[in-house]
Amino acid sequence: MAVYRREVEATSEQNRPSKPAGLAARSLERRLMLLISTVLLVGVALTVLAKLQRLDETPLVDLSRLTSAEELAPALDVFELPADRQFAAEQLVAFIEQTGSPANVGALARAR
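Residues numbered from 1 in each chain as written. Predicted model: local features only at pLDDT ≥ 70, side-chain atom pairs only at ≥ 80, totals over all residues. Heavy atoms only, no water.

Caption draft 1: Looking closely at the pattern of salt bridges. If you walk through the whole model with that rule in mind, you get one salt bridge. Of the charged contacts, one joins aspartate 62 and arginine 65 as a salt bridge, the two residues approaching to 3.5 Å between their closest N and O atoms. Given a relative accessible area of 39%, aspartate 62 falls into the partly exposed group. (Salt bridge = Lys/Arg side-chain N within 4 Å of Asp/Glu carboxyl O. Buried < 20%, exposed > 50% of the residue type's maximum accessible area, 1.4 Å probe, protein only.)

This is how it looks when you write it as structure tokens:
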């Protein structure tokens, strides 16, 4: 049985999706992608703003010029109780006095 070009073209035309339906589906996909991207960007922006605000609230302490635990205690806001804050500050000051000024903040991980 011979297959003619006209039959192949007619069959392929029948199998193609109509252009308006394809464009409408793509338009919906674009709108949803834009909506999801916008929501994600807003979420990232809110996270960054919250972290920056927290950085502004926490005082910076120069560990090389630290002389007492009272200077360090306000920066240790991860501890809820003032007694815990004071204890941690005293231990860190004692560690810094024993070992000298740390090269970086990661060196404080050796403090026990």
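Caption draft 2: Broad picture of a nonpolar patch on the surface. A cluster of nonpolar side chains, Leu28, Leu32, Leu35, Ile36, Val39 and Leu40, forms an exposed patch at the surface whose accessible area comes to about 590 Å². In this fold, isoleucine 36 is placed in helix H2 (residues 19-57). (Patch = residues over 30% accessible without salt bridge, like charges linked within 9 Å, V, L, I, M, F, W, Y side chains within 5 Å. Areas by Shrake-Rupley, 256 points an atom, 1.4 Å probe, with all protein chains shown as cover. Helix = DSSP H or I, 4+ residues; strand = E, 2+ residues; numbered from the N terminus.)

Caption draft 3: The layout of surface pockets, seen in detail. When its volume is computed, the largest pocket comes out at roughly 210 Å³. Contributing to the lining of the largest pocket are Pro59, Leu60, Val61, Leu63, Leu72, Leu76, Leu92, Val105 and Leu108. Classifying every residue of the lining of the largest pocket gives nine nonpolar, no polar and no charged. (1 Å grid on protein atoms, 1.4 Å probe; cavity = no way out; pocket = protein on both sides within 12 Å on 5 of 7 lines; lining within 4 Å. Points joined across faces, edges and corners; volume = space filled by probe spheres on them. Nonpolar A, V, L, I, M, F, W, Y, C, P; charged D, E, K, R; others polar.)

Caption draft 4: Structural view of the confidence of the model for the protein. For the protein, per-residue confidence averages 81 on the pLDDT scale, and residues scoring 70 or more make up 78% of the total. For the protein, helix H1 (residues 5-15) is the element with the lowest average pLDDT, namely 66, and helix H4 (residues 82-99) is the one with the highest, namely 89. (pLDDT = per-residue confidence, 0-100.)

Caption draft 5: Just H4, in detail. Here H4 contains 18 residues, and its C-alpha end-to-end distance of 26 Å stays within 8% of the 26 Å for a straight helix at 1.5 Å per residue. The complete set of buried residues in H4 reads Ala88, Ala89, Leu92, Val93, Phe95 and Ile96. The buried residues of H4 occupy one face: seen down the axis, they fall within an arc of 160 degrees. Away from the buried face of H4 by more than 90 degrees, exposed residues Ala83, Phe87, Glu97 and Gln98 are located. Remark: glycine 100 follows H4 within two positions and exhibits a positive phi of approximately 90 degrees. (Expected span 1.5 Å × (residues − 1). Arc of directions from axis to C-beta.)

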